[in-house]
Amino acid sequence: MPDEQPTDTTPDLRAPHGALPEGGTVRAITRWGTPVMHRPQAAVTTYDDALAALAADMVATMYAAEGVGLAACQVGEDVAMFVFDCPDDEGVRTVGVVCNPVLTLPEGKDRRLEDDDEGCLSFPGSFEPCPRPDWARVDGQGLDGRPVSFEGDGLLARCLQHETDHTLGTVFGDRLSSKSRKRLTKKHDAAAEDYPLSWPADAVG
């Protein structure tokens with residue numbers, strides 16, 4: 001999920017389950033239309049060095065693309081995992097890795113929708129309003145297999161929902177009306193020259 005990436009000097013940072021893994025390799029981002037993007041991802045059952053290395057690659061790719069979240073399918077891997085570094089309504093960044101995410105959203109009188117712009121690194125260069133609940137919580141496992149939980153409002157709530165959707169084979173365009181999706185596609189096509197299929201790996205080093 002794209003957004004203006006906060007700098008590392010931002011003072012307010014929450015890492016309730018530890019820092020993001022470092023030292024990864026920037027990969028090309030997988031696009032909508034690729035089969036892995038449109039099917040539920042395989043559950044994580046083994047928490048090993050290979051999983052940690054994949055997460056590090058995802059973090060490096062997310063930052064290179066100036067995103068706030070990235071799912072494993074977005075680097076072509078059939079793994080139910082995402083990484084994120086995203087601010088909430090107060091500008092406080094939360095960072096984390098979630099395997100096998102389970103989403104909880106408000107219900108009844110507590111459910112309020114925000115119809116803000118949303119974009120996707122796998123359909124770059126375009127944004128379109130997409131209604132989402134204004135709060136979300138995700139529960140899952142970290143890279144060591146221990147339980148993790150993250151929650152928040154604003155952009156963070158949108159990010160947690162967007163990335164969990166990816167692990168279920170849903171892209172946010174699936175949540176748009178046909179008219180909105182046509183507008184999104186038109187913007188994407190207009191920006192295509194700025195995002196070659198090798199992006200963002202082509203811009204590194």
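Look up a bit, the structure's there.
Residues numbered from 1 in each chain as written. Predicted model: local features only at pLDDT ≥ 70, side-chain atom pairs only at ≥ 80, totals over all residues. Heavy atoms only, no water.

**Side note on the state of the cysteines**
Disulfide: a covalent bond formed between the sulfur atoms of two cysteine residues.
Part 1 of the reasoning: Using the criterion set out here, one finds 0 disulfides in the structure.
Part 2 of the reasoning: Its sulfur unpaired, C73 is 8.2 Å from the next cysteine sulfur, which belongs to C120.
Part 3 of the reasoning: Under the relative-accessibility criterion, C73 is labelled buried at 1%.
Part 4 of the reasoning: C86 takes part in no disulfide bond, and the closest cysteine sulfur, belonging to C159, lies 4.3 Å away. (Disulfide = S-S within 2.5 Å. Buried < 20%, exposed > 50% of the residue type's maximum accessible area, 1.4 Å probe, protein only.)

**Overview of helix α3 (residues 178–190)**
Part 1 of the reasoning: In this model, α3 (13 residues) spans 18 Å end to end at C-alpha, consistent with the 18 Å of a helix rising 1.5 Å per residue.
Part 2 of the reasoning: Buried residues of α3: S180, L184 and H188, and no others. Axial view of α3: buried residues confined to an arc of 75°, hence all on one face. Seen from the buried face of α3, the exposed residues on the opposite side, beyond 90 degrees, are S178, K179, K182, K186 and A190.
Part 3 of the reasoning: The inward-facing, buried residues of α3 abut β6 (127–133). (Helix = DSSP H or I, 4+ residues; strand = E, 2+ residues; numbered from the N terminus. Expected span 1.5 Å × (residues − 1). Arc of directions from axis to C-beta. Contact = heavy atoms within 4.5 Å.)

**What to know about helix α2 (residues 154–167)**
Part 1 of the reasoning: Between its terminal C-alpha atoms α2 stretches 21 Å, which fits the 20 Å expected from 14 residues at 1.5 Å a residue.
Part 2 of the reasoning: For α2, a buried count of 13 out of 14 residues is recorded, marking the element as mostly surrounded by other parts of the structure.
Part 3 of the reasoning: Following α2 by one or two positions, G169 has its phi on the positive side, about 85°.

**A short note on the pairing of strand β8 (residues 147–153)**
Part 1 of the reasoning: The side-chain alternation of β8 yields one buried face, formed by V148, F150 and G152, and one unburied face, formed by P147, S149, E151 and D153.
Part 2 of the reasoning: Bridge count between strand β7 (residues 135–141) and β8: 7 bridges; the pairing is antiparallel. In the sheet register, D139 faces β8, and the bridge partner there is S149.
Part 3 of the reasoning: Between the end of β7 and the start of β8, which pair antiparallel, lie 5 residues, with G145 showing a positive phi angle near 85°. (Pairing = 2+ DSSP bridges.)

**Notes on the packing of aromatic side chains**
The relation between two aromatic rings is expressed through the spacing of the ring centres and the mutual angle of the planes.
Part 1 of the reasoning: For the coordinates displayed, the defined rule picks out 5 aromatic pairs.
Part 2 of the reasoning: Seen from their ring centres, W32 and F172 are 5.8 Å apart, and the 70° between their planes marks the pair as edge-to-face. Here W32, found in the loop between β1 (13–14) and α1 (49–64), pairs with F172, found in the loop between α2 and α3; they are 140 residues apart in sequence, far enough to count as distant. The exposure classification of W32 matches that of F172, with both residues buried.
Part 3 of the reasoning: Look at F84 and F150: their rings are 5.0 Å apart centre to centre, the planes differ by 90°, and that puts the pair in the edge-to-face class. Within this pair, whereas F84 is found in strand β3 (residues 81–87), its partner F150 is found in strand β8, the two being separated by 66 residues in sequence.
Part 4 of the reasoning: F150 sits in the buried class, given a relative accessible area of 3%.
Part 5 of the reasoning: Ring pairing ties together the aromatic residues W32, F123 and F172, which thus form one cluster. (Phe/Tyr/Trp six-rings, centres within 6.5 Å; stacked < 30°, edge-to-face > 60°.)

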